[in-house]
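# Commentary on secondary and tertiary structure
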Amino acid sequence: VSKIDIGQVVGGLSLVYGGVAMVNPDAIFRPFGIPKLSVPARNEIRAVYGGLILGLGGILVYCNNSPNYPGIKFTTTCLLTGCAVSRLVSFLIDREIPSFA
């Protein structure tokens, strides 16, 4: 039985999230009550939430499969996990979880 590696999980989820942001940027903000983004806003979402997250996720998946990059793996995992944890902390502080359906 192989153990689950947090780097693979975070990297894989990041690739999915970044892919959704690239293909359908409106879907990223719809759960927060922002129905339709302007063209410049969609461009920004594709760049930051799409391209940046895809890049970080890709780096993490690549480095996870190579023992030569432990520092990059650690840093990228911290960056992406920090984003997710800060979102969870925000939900706890605001006491409101948006509907992602």
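Residues numbered from 1 in each chain as written. Predicted model: local features only at pLDDT ≥ 70, side-chain atom pairs only at ≥ 80, totals over all residues. Heavy atoms only, no water.

Before going further, it helps to examine the packing of helix α1 (residues 6-23) against helix α4 (residues 70-94). When two helices pack together, their arrangement is given by the angle between the helix axes and the distance between those axes. Interaxial distance between α1 and α4 falls to 10 Å at its minimum, and their mutual angle equals 70°. Between α1 and α4, the angle is such that the two are roughly perpendicular. Viewed along their axes, α1 and α4 form a crossing whose handedness is left-handed. Two secondary-structure elements touch here, α1 through Ile6, Gly7, Val10, Ser14 and Tyr17 and α4 through Thr77, Leu80, Thr81 and Arg87. Of the residues contributing to the contact of α1 with α4, the split by class is 4 nonpolar, 4 polar and 1 charged. (Axes fitted to C-alpha atoms, helices over the stretch in contact; angles between N-to-C directions. Helix = DSSP H or I, 4+ residues; strand = E, 2+ residues; numbered from the N terminus. Parallel < 35°, antiparallel > 145°, perpendicular 65-115°, else oblique. Left-handed = near helix turned anticlockwise from the far one by under 90°. Contact = heavy atoms within 4.5 Å. Nonpolar A, V, L, I, M, F, W, Y, C, P; charged D, E, K, R; others polar.)

Another point: a nonpolar patch on the surface. Taken together, the side chains of Ile4, Ile6, Val9 and Leu13 define a hydrophobic patch exposed on the protein surface, amounting to about 430 Å² of accessible area. Here Ile4 falls in the exposed class, since its relative accessible area comes to 74%. (Patch = residues over 30% accessible without salt bridge, like charges linked within 9 Å, V, L, I, M, F, W, Y side chains within 5 Å. Areas by Shrake-Rupley, 256 points an atom, 1.4 Å probe, with all protein chains shown as cover. Salt bridge = Lys/Arg side-chain N within 4 Å of Asp/Glu carboxyl O. Buried < 20%, exposed > 50% of the residue type's maximum accessible area, 1.4 Å probe, protein only.)

Using the criterion set out here, one finds 1 salt bridge in the structure. A salt bridge links Asp26 to Lys36, with the shortest nitrogen-to-oxygen separation between them at 3.5 Å. Residue Asp26 is located in helix α2 (residues 25-29), and its partner Lys36 is located in the loop between α2 and α3 (39-64); the two are separated by 10 residues in the primary sequence. We classify Asp26 as buried; its relative accessible area is 8%.

Moving on to the side chain of Thr77. As for its position among the elements, Thr77 is in helix α4. Aside from chain neighbours lying at most four places away, what touches Thr77 is Ile6, Gly7 and Leu60.

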